[in-house]
Amino acid sequence: MSTTIQDLRENYLKATLEIEETAANPFDQFQAWLDFAIESKIKEPNAMTLATITKTGRPAARIVLLKGIREDGFVFYTNFNSRKGEELLENPYAALVFNWLDLEKQIRIEGKVKRLTHEESESYFQSRPKGSQIGAWASPQSSVIQDRSILEDNVTNLTTQYKNDDTLPCPPHWGGFVVQPDLFEFWQGRSSRLHDRIQYRWEEEEWIRERLAP
């Protein structure tokens, strides 16, 4: 007999999360969990869901890669002309989700979004593999294209154009954003869906920790 979707379930038993065990600063707690995820060798521990919203309230979500952690937030890069880029520029708030099922852990982050300077974006861009630099120029991200040959032709032309160069200039339409959190939630799976949830709220210049019901 085949299993139906409604019968799919897991019982989480790997760990617990007590509020007394968490760091006073959520950035420290995040770093501890990220280090553990990296040490555990899970695939793409820096992969995160990025949720954006239009001015009219229509949400969208996709997976992107975390590329930096700063004192003020979490950094990722994209094409400013893509759907997510345009939505972030017109409504600069976002939510992030890190979902590490192998560890039975999840982290949610919400906050305001700030665009990085061109100099900051260029510094990262030129540290990328040359193929990735070419890809950023070759793809009109989120635009409708007739077929894949358009991308392949763009790559061929750019490869020829920059064959004698180690790096390409950073495209003016490409760069970074930093999500500046005012809310974190650390989720640890527990048995019978009675999960541990520890939330941090930024209030009156300090982080407030509290436990949420699952």
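Note: the structure precedes this text.
Here the structure is a predicted model, which is why all the values come from computation and not from measurement.

**Observations concerning the pairing of strand β4 (residues 73–79)**
Across the seven residues of β4, seven count as buried, placing the element largely inside the fold. Relative to β4, strand β3 (residues 68–70) is paired through three bridges, and the arrangement is antiparallel. Paired with Gly 68 across the bridge in β4 is Val 75. Hairpin connection, β3 to β4: the antiparallel pair is bridged by two residues. Sheet topology places β4 next to strand β7 (residues 174–188); six bridges connect them, and they run antiparallel. Across the sheet, Val 75 pairs through a bridge with Val 178, a residue of β7.

**Examining the packing of aromatic side chains**
By the definition in use, this model includes 18 aromatic pairs. Ring centres 5.0 Å apart and planes at 65° place the aromatic pair Phe 125 and Trp 174 in the edge-to-face group. Here the residue Phe 125 occupies a position in helix α3 (residues 118–125), and Trp 174 occupies one in strand β7, the gap between them amounting to 49 residues. Exposure remark for Trp 174: the relative accessible area of 7% places this residue in the buried category. In textbook terms, an aromatic cluster arises when at least three aromatic residues are bridged by ring pairs, as seen for Phe 27, Phe 30, Trp 33, Phe 74, Phe 98, Trp 100, Phe 184, Phe 186, Tyr 200, Trp 202 and Trp 207. Directly above the aromatic system of Trp 33 lies the positively charged group of Lys 105, at a separation of 4.2 Å from the ring centroid. The aromatic ring of Phe 80 is capped on one face by Arg 115, whose charged end is 3.8 Å from the ring centroid.

**Considering unusual backbone geometry**
Peptide bonds are mostly trans, and most non-glycine residues show a negative phi. If you check the backbone angles, Glu 44 has positive phi at about 50° while not being a glycine. Relative to the helices and strands, Glu 44 resides in the loop between α1 (26–39) and β1 (47–53). Backbone geometry places Glu 205, a non-glycine residue, at a positive phi of 65°. Along the chain, Glu 205 falls in the loop between β8 (196–203) and β9 (206–212). Judged by relative accessible area, Glu 205 falls into the exposed class, the value being 64%.

**Regarding the pairing of strand β5 (residues 93–100)**
Taking every second residue as pointing to the same face, the buried face of β5 carries Ala 94, Leu 96, Phe 98 and Trp 100, while none of Tyr 93, Ala 95, Val 97 and Asn 99 on the other face is buried. The pairing of β5 with strand β6 (residues 105–115) spans eight bridges and is classified as antiparallel. Looking at β6, one finds that Tyr 93 is bridged to Lys 112. In this structure, the hairpin formed by β5 and β6 is closed by a connection of four residues, where Glu 104 is found at a positive phi of approximately 60°.

**As for the packing of helix α4 (residues 130–138) against helix α5 (residues 149–161)**
Contact geometry of α4 with α5 gives a least axis separation of 9 Å together with a crossing angle of 125°. Comparing their axes, α5 and α4 come out oblique. The crossing of α4 and α5 is right-handed. Side by side, α4 and α5 meet where Ile 134, Trp 137 and Ala 138 of the first sit next to Leu 151, Asn 154, Val 155, Leu 158 and Thr 159 of the second. Split by residue class, the contact of α4 with α5 holds six nonpolar, two polar and no charged.

Procedures and definitions
- Residues numbered from 1 in each chain as written.
- Predicted model: local features only at pLDDT ≥ 70, side-chain atom pairs only at ≥ 80, totals over all residues.
- Heavy atoms only, no water.
- Buried < 20%, exposed > 50% of the residue type's maximum accessible area, 1.4 Å probe, protein only.
- Helix = DSSP H or I, 4+ residues; strand = E, 2+ residues; numbered from the N terminus.
- Pairing = 2+ DSSP bridges.
- Phe/Tyr/Trp six-rings, centres within 6.5 Å; stacked < 30°, edge-to-face > 60°.
- Lys NZ or Arg CZ within 6 Å of the ring centre and 35° of its normal.
- Axes fitted to C-alpha atoms, helices over the stretch in contact; angles between N-to-C directions.
- Parallel < 35°, antiparallel > 145°, perpendicular 65-115°, else oblique.
- Left-handed = near helix turned anticlockwise from the far one by under 90°.
- Contact = heavy atoms within 4.5 Å.
- Nonpolar A, V, L, I, M, F, W, Y, C, P; charged D, E, K, R; others polar.

So, to be careful, I would describe these as geometric facts and stop short of saying anything about function.
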